[in-house]
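Chain and residue survey
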Amino acid sequence: MRIQARTVEEVGLAIRAMRKASGVRQDDVPGVSHMFLRDLERGKETVQFGRVLQVLQELGIHMVLEVPDGAEGHVQRELERSASKAALAKANVHGKSPE
């Protein structure tokens, strides 16, 4: 099912609904405190985005970004460039050549 969320509050409501539907308590979501999750579910505007993504992943929620027509190629190139840099950095740390 696809839903459109335009605010932090709408994202928080979707997260709360999914967590409850899965029978997961706030204390049982790994990697974040129940206080962070409470703030997120209530739509607090200043929550850390990286932690929001972690909660989404733990609950099996996939986030999709829709970009304007004609911008897909540019966005894809930027994502590929970022992935290449990350692979190179990882290889340098481990003393290997990137695959």
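Our structure is the block above this text.
Figured I'd write up the structure that's included with this text. Quick caveat: nothing in here was measured; it's all calculated off a predicted structure.

Examining the side chain of Asp 39
Summarising the element assignment, Asp 39 is placed in helix α2 (residues 34-41). Setting aside its immediate chain neighbours within four residues, Asp 39 contacts Lys 44 and Val 47.

Observations concerning the pattern of salt bridges
Inspection of the entire model under this criterion finds 7 salt bridges. For Asp 28, the salt bridge identified is with Arg 25, shortest N-O distance 3.2 Å. Among the residues examined, Asp 28 registers a relative accessible area of 42% and is labelled partly exposed. Look at the salt bridges and you will find they share partners, linking Arg 16, Arg 19 and Glu 41 into a network.

What counts, and at which threshold
- Counting of residues starts from 1 at the beginning of each chain's written sequence and follows it residue by residue.
- Totals for whole chains, interfaces and linings use all residues, but because this is a predicted model, local features are given only for residues with pLDDT of at least 70 and pairs of side-chain atoms are given and counted only at 80 or more.
- Hydrogen atoms and water are omitted, and side-chain values are computed over all heavy atoms in the structure.
- A run of H or I in DSSP becomes a helix once it reaches four residues, and a run of E becomes a strand once it reaches two; helices and strands are each numbered from the N terminus.
- Working rule for contacts: check all heavy atoms of both residues, and any pair within 4.5 Å makes them a contact.
- Should a side-chain nitrogen of Lys or Arg be within 4 Å of a carboxyl oxygen of Asp or Glu, the pair is scored as a salt bridge.
- Between buried and exposed lies partly exposed: a residue is buried under 20% and exposed over 50% of the maximum accessible area for its type, with that area taken using a 1.4 Å probe on protein chains only.

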